[in-house]
Amino acid sequence: ANCGGGPWRRHRVLAAQCLSMSTTAGSILPWEAPSRETLLRTIDVALKDGNVDQALRAFGNYKSLHGLPEPRVLNGVIVSLSYTSSRRWLQRAYDLVLSVYQCNSNLLNSSSLMRLALALARDQTPVPASAVLRIILESGKLPDADMLSMVFLHMLKSQVGSYLAADVLAETCECFLDQISYRRQLKKLDPIKNNVTLFNMILESCVNFKCIIRAQKIMELMSLVGVVADVNTMAVASRVCQMVGQRDELMTMKGSINSFSSLPFSQQYLHFYDSLLSLQFSGNDMDAAADLIIDLYRQQKSCTFSDNDVQKQGVIQIGSGNLKSGYRIMFDPTKLDKGFVLDTKYQSGLVVPISGNLVPSEKAVAKLIIGCVKAKKLGALSSFCITLHKEELKGISASDVINACIQMGWLHAAHDILDSLESAEIPVGVGTYMSLLREYENEHKPEEFNSLLQQIQKIASTMEEFHTSPSFTIKDIAKIVKDEIPQTKSSLLSSLVEETEHYNPGDHLTFEFNNSILFFCKANMMEDALSTYKRMREQNIRPNLHTFCHILCGYSSLSMYREITILWGEIKRRLEYREISVDRDLLDCLVLDFLKGGYFSRVMEVISYMSTHNIYCDKWKYRQVFLKLHKNLYRNLNSLHDKTEAQSKRIDDVRAFRTWAGIK
């Protein structure tokens, strides 16, 4: 037995050695082929020893001779390759997964695929990483939420990775929402909906890369899935609303925030107030901006929770307050993931933390003054100064505001505010009067100069500076102006100069029109949206990127694909004349809509535009949409001889897309 067994064992070893030098079965004779067990053992031993190269050769031989091995072996190879730090081996693992996915995706294990996705994301190859995650989704399994967070953390380091991570999260939610027929099945999504940081990360990346359409979609899905948000979500959602221009939504949020008696996470609420104040200025609503600044001066809330706050929830409103057409996310004011750090570089700098309180910055006050002066809303500015004084609020003084106007040369504005303060019986330092008087003299305005001199003489008895000489005359005051009282300077001057340079009087008109268009689009009132757009053009107010994003989303929600083809023509012209910036979010949405509507010539046109401008095209996503809706489209029409010219062109467009997307 021993004599018979020795040569046979040697033959098997020799056969295995021969096989290991080749990955094809063509050069292996039938009697030389090692058994399944031998190859499987070779793979197992090589994997245990960390010999990836040998394991892959044995795997290749097994596949050539016997087809794919059992899932245990297959996934063992994938996991081992995932643990290597070599991009070459990671690419081999990805290629292996793709080949198995095309043959029999049931052999793939979601756990091993998650490890591979994480390894690819760490290696900063987000496209393969997203493809692996999508393969998991197509298998009907939910990716592990904690692992998904780690994958996204690495993907979000790049712009393309951020786009893909947002899409994968959206597809994850949509995939399982589609499968849920009654509410109890929502529990399947618990691991995802309980991981609020997952959504916060993606939302913040949408803000970073200005993805208007994607951000709104993620927030709507958060509402549908039932994510219980935290204070970080409130902060990031505020930034999304600022980016989109949703002032009404932030005002709704302000109502729930005002109901809290304490704001312990001041850095997070800073984002909210900063965003809201920014939108008030964008809409040129100086009354609302002044009210908010006053509120911030008044607000001296404690930094600990009261018993009442623990029971309350905040509301993040998306779209209409009518729940039939709008969405709502609830956030817990006591909940905060301290591991998630908010990015502060996108703050407008309008609200700053001082001694634990949130107060308006000099930049905010400067914007208020400029807005009121330029829009001739001096009543709002005067009321602001009067409230500051009467309520003894800590912050900027009325004299600072008047002196700032004087230094900017806005003398009539300064004089109007002085008159309002006098009427309200609020004293103003003599230095402020003298500064204005001096500027009237310098500007050679004798009428205003003499009027102010008489005004000062009337109230001189009430001024502390004049108490020693109650019989002051106009001549005495004029002498003081020239010789004795130095000009009072305002600390606001530098901020005013800087903000004046950035002030554009027409910006608020675009904002207001966009706000109306957005409202109508969210309410599915497209005729009203288009009427507003037409009025915008008639008034020579140039639409911007937001305008077209709102209209596109409105059409898309109603599946109005023909209208989108007309809109694309308008967008193309604006892009050609550089009236709007190139935006991937907009172009990506156009491709998807044209695919759904079957406008393949437009699909290829937009894809060509994206390629020309070096904008990433998500080939996997577009391919899957095509296969879902048009898998067998025109497959049998090649044999027809009586095709019309239009039909022939359409077939060519479909064929061009199939070729580009790699669909056989």
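Definitions and limits used
Residues numbered from 1 in each chain as written. Predicted model: local features only at pLDDT ≥ 70, side-chain atom pairs only at ≥ 80, totals over all residues. Heavy atoms only, no water. Helix = DSSP H or I, 4+ residues; strand = E, 2+ residues; numbered from the N terminus. Contact = heavy atoms within 4.5 Å. Phe/Tyr/Trp six-rings, centres within 6.5 Å; stacked < 30°, edge-to-face > 60°. Buried < 20%, exposed > 50% of the residue type's maximum accessible area, 1.4 Å probe, protein only. Lys NZ or Arg CZ within 6 Å of the ring centre and 35° of its normal. pLDDT = per-residue confidence, 0-100. Core = buried A, V, L, I, M, F, W, Y, C linked by side-chain atoms within 4.5 Å. Domains from an automatic or database assignment. UniProt positions renumbered as here; feature names shortened; annotations may be inferred. Disulfide = S-S within 2.5 Å. 1 Å grid on protein atoms, 1.4 Å probe; cavity = no way out; pocket = protein on both sides within 12 Å on 5 of 7 lines; lining within 4 Å. Points joined across faces, edges and corners; volume = space filled by probe spheres on them. Expected span 1.5 Å × (residues − 1). Axes fitted to C-alpha atoms, helices over the stretch in contact; angles between N-to-C directions. Parallel < 35°, antiparallel > 145°, perpendicular 65-115°, else oblique. Left-handed = near helix turned anticlockwise from the far one by under 90°. Nonpolar A, V, L, I, M, F, W, Y, C, P; charged D, E, K, R; others polar. Pairing = 2+ DSSP bridges. Salt bridge = Lys/Arg side-chain N within 4 Å of Asp/Glu carboxyl O.

## What about the overall build of the protein?
In step 1: For the protein, the helix and strand inventory stands at 33 helices and four strands.
In step 2: Taking contacts inside the protein between residues at least 6 apart in sequence as the whole, the part at least 24 apart equals 71%.

## Description of the packing of aromatic side chains
In step 1: Applying the stated rule across the entire model yields 13 aromatic pairs.
In step 2: Their ring planes at 70° and their centres at 5.6 Å tell us that Phe-519 and Phe-520 sit as a pair that is edge-to-face.
In step 3: Where Phe-626 meets Phe-657, the ring centres are 5.2 Å apart and the plane angle is 40°; that geometry is what we call tilted. In this pair, Phe-626 is assigned in helix α32 (residues 619–630) and Phe-657 in helix α33 (residues 645–661), connecting sequence segments 31 residues apart. The pair formed by Phe-626 and Phe-657 is uniform in burial state, with each residue classed as buried.
In step 4: Aromatic rings pair up to connect Phe-600, Tyr-622, Phe-626, Phe-657 and Trp-660 into one cluster.
In step 5: When the ring centre of Trp-89 is taken as origin, the NZ or CZ atom of Arg-88, which lies over that ring, is 4.1 Å away.
In step 6: Above the plane of the ring of Trp-660 lies Lys-619, whose end atom (NZ or CZ) is 4.9 Å from the centre.

## A few points about the confidence of the model for the protein
In step 1: Here the protein shows a mean pLDDT of 86. Residues at 70 or above account for 85%.
In step 2: Long-range and interchain partners of residues 1–29, a stretch whose pLDDT sits below 50, account for 21 contacts in this model, where long-range means more than four residues apart.

## Here we look at the nonpolar core
In step 1: By size, the foremost hydrophobic cluster in this structure holds 214 residues, and its most contacted members are Phe-152 and Phe-384.
In step 2: Taken together, domain 1 (361–501) and domain 2 (505–661) each give at least three residues to this core, which thus spans both.
In step 3: Ignoring anything within four residues of it in the chain, the contact list for Phe-384 reads Ala-290, Ile-293, Ile-294, Tyr-297, Leu-368 and Ile-396.

## Thoughts on the UniProt feature "repeat: PPR" (unreviewed entry) in the protein
In step 1: Mapped onto this structure's residue numbering, the UniProt feature "repeat: PPR" (unreviewed entry) falls at residues 509–543.
In step 2: Here residues 509–543 is 77% helix and 0% strand, with 10 Å between the C-alpha atoms at its ends.

## Regarding the state of the cysteines
In step 1: Enumeration according to the criterion identifies zero disulfides in this entry.
In step 2: Considering cysteine sulfurs only, Cys-175 is the nearest to Cys-173, which forms no disulfide, with 9.9 Å between them.
In step 3: Cys-211 supplies the cysteine sulfur nearest to Cys-206, a cysteine that is in no disulfide, at a spacing of 5.2 Å.

## What to know about unusual backbone geometry
In step 1: Positive phi, close to 55°, is recorded for Lys-376, a residue that is not glycine.
In step 2: By relative accessible area, Lys-376 is classed as exposed at 72%.
In step 3: In this structure, His-444 takes a positive phi of about 55° despite not being glycine.
In step 4: Along the chain, His-444 falls in the loop between α22 (430–442) and α23 (446–459).

## Things to note about the layout of surface pockets
In step 1: If you add up the space inside the largest pocket, you get close to 1700 Å³.
In step 2: Looking at the largest pocket, it is lined by 48 residues, and the ones nearest its centre are Ala-170, Glu-174, Lys-217, Leu-592 and Lys-596.
In step 3: Secondary structure elements with two or more residues in the lining of the largest pocket: α7 (126–138), α9 (159–179), α12 (212–225), α26 (507–522), α28 (545–557), α30 (584–597) and α32.
In step 4: For the lining of the largest pocket, the element with the highest residue contribution is α9, accounting for eight residues.
In step 5: The space that makes up the second largest pocket amounts to roughly 1200 Å³.
In step 6: For the lining of the second largest pocket, the secondary structure elements donating two or more residues are α13 (231–244), α15 (266–282), α18 (362–374), α25 (493–502), α26, α28 and α30.

## Comments concerning α12
In step 1: Spanning 14 residues, α12 covers 20 Å between terminal C-alpha atoms, matching the ideal 20 Å at 1.5 Å per step.
In step 2: Among all positions in α12, only Ile-212, Ile-213, Arg-214, Ala-215, Gln-216, Ile-218, Met-219, Leu-221, Met-222, Ser-223 and Val-225 are buried.
In step 3: After α12 finishes, the residue Gly-226 shows a positive phi value of roughly 95°.

## Things to note about helix α31 (residues 600–612)
Think of an α-helix as turning once every 3.6 residues; residues three or four places apart then point the same way.
In step 1: Helix length check: α31, at 13 residues, gives a terminal C-alpha distance of 18 Å against a target of 18 Å (1.5 Å per residue), a fit within 8%.
In step 2: For α31, the full list of buried residues reads Phe-600, Val-603, Met-604, Val-606, Ile-607, Tyr-609 and Met-610.
In step 3: Of the surrounding elements, those touching the buried residues of α31 are α29 (561–576), α30, α32 and α33.
In step 4: Just downstream of α31, Asn-614 is the residue with a positive phi angle, here 55°.

## Details of the packing of helix α20 (residues 398–407) against helix α21 (residues 411–423)
In step 1: Look at α20 against α21: their axes get within 7 Å of each other, and the N-to-C directions meet at 155°. One way to sum up the angle between α20 and α21 is to call them roughly antiparallel. Considering the relative orientation of α20 and α21, their crossing is left-handed. On the side of α20, the interface is formed by Ala-398, Val-401, Ile-402, Cys-405 and Ile-406, while α21 contributes Leu-411, Ala-414, Ile-417, Leu-418 and Leu-421.
In step 2: Taken together, the residues of the contact of α20 with α21 break down into ten nonpolar, no polar and no charged.

## Brief notes about the packing of α15 against helix α16 (residues 286–298)
In step 1: With their axes 8 Å apart at the nearest point, α15 and α16 run at an angle of 155° to one another. When the axes of α15 and α16 are compared, the pair comes out roughly antiparallel. The way α15 lies across α16 gives a crossing that is left-handed. Residues Tyr-273, Leu-276, Leu-277, Gln-280 and Phe-281 of α15 form the contact with α16, whose own contacting residues are Met-286, Ala-288, Ala-289, Leu-292, Ile-293 and Leu-296.
In step 2: Residues of the contact of α15 with α16, tallied by class, amount to ten nonpolar, one polar and no charged.

## Comments concerning the pairing of strand β3 (residues 351–354)
In step 1: Summarising the sheet, β3 and strand β4 (residues 357–360) pair through four bridges and their orientation is antiparallel. What sits directly across from Val-352, in β4, is Val-359.
In step 2: Linkage of β3 to β4, two consecutive antiparallel strands, is achieved through a turn of two residues, within which Ser-355 is found at a positive phi near 55°.

## What to know about the pattern of salt bridges
In step 1: In total, this model carries 28 salt bridges according to the counting rule given.
In step 2: The partner of Arg-87 in a salt bridge is Asp-123, and the shortest N-O contact between them spans 2.7 Å. Of the two residues, Arg-87 is situated in helix α5 (residues 87–104) and Asp-123 in the loop between α6 (110–122) and α7; the sequence distance between them amounts to 36 residues.
In step 3: Given the relative accessible area of 19%, Asp-123 is considered buried.
In step 4: Where salt bridges share partners, they join Asp-167, Arg-214, Arg-584, Asp-585, Asp-588 and Lys-621 into one cluster.

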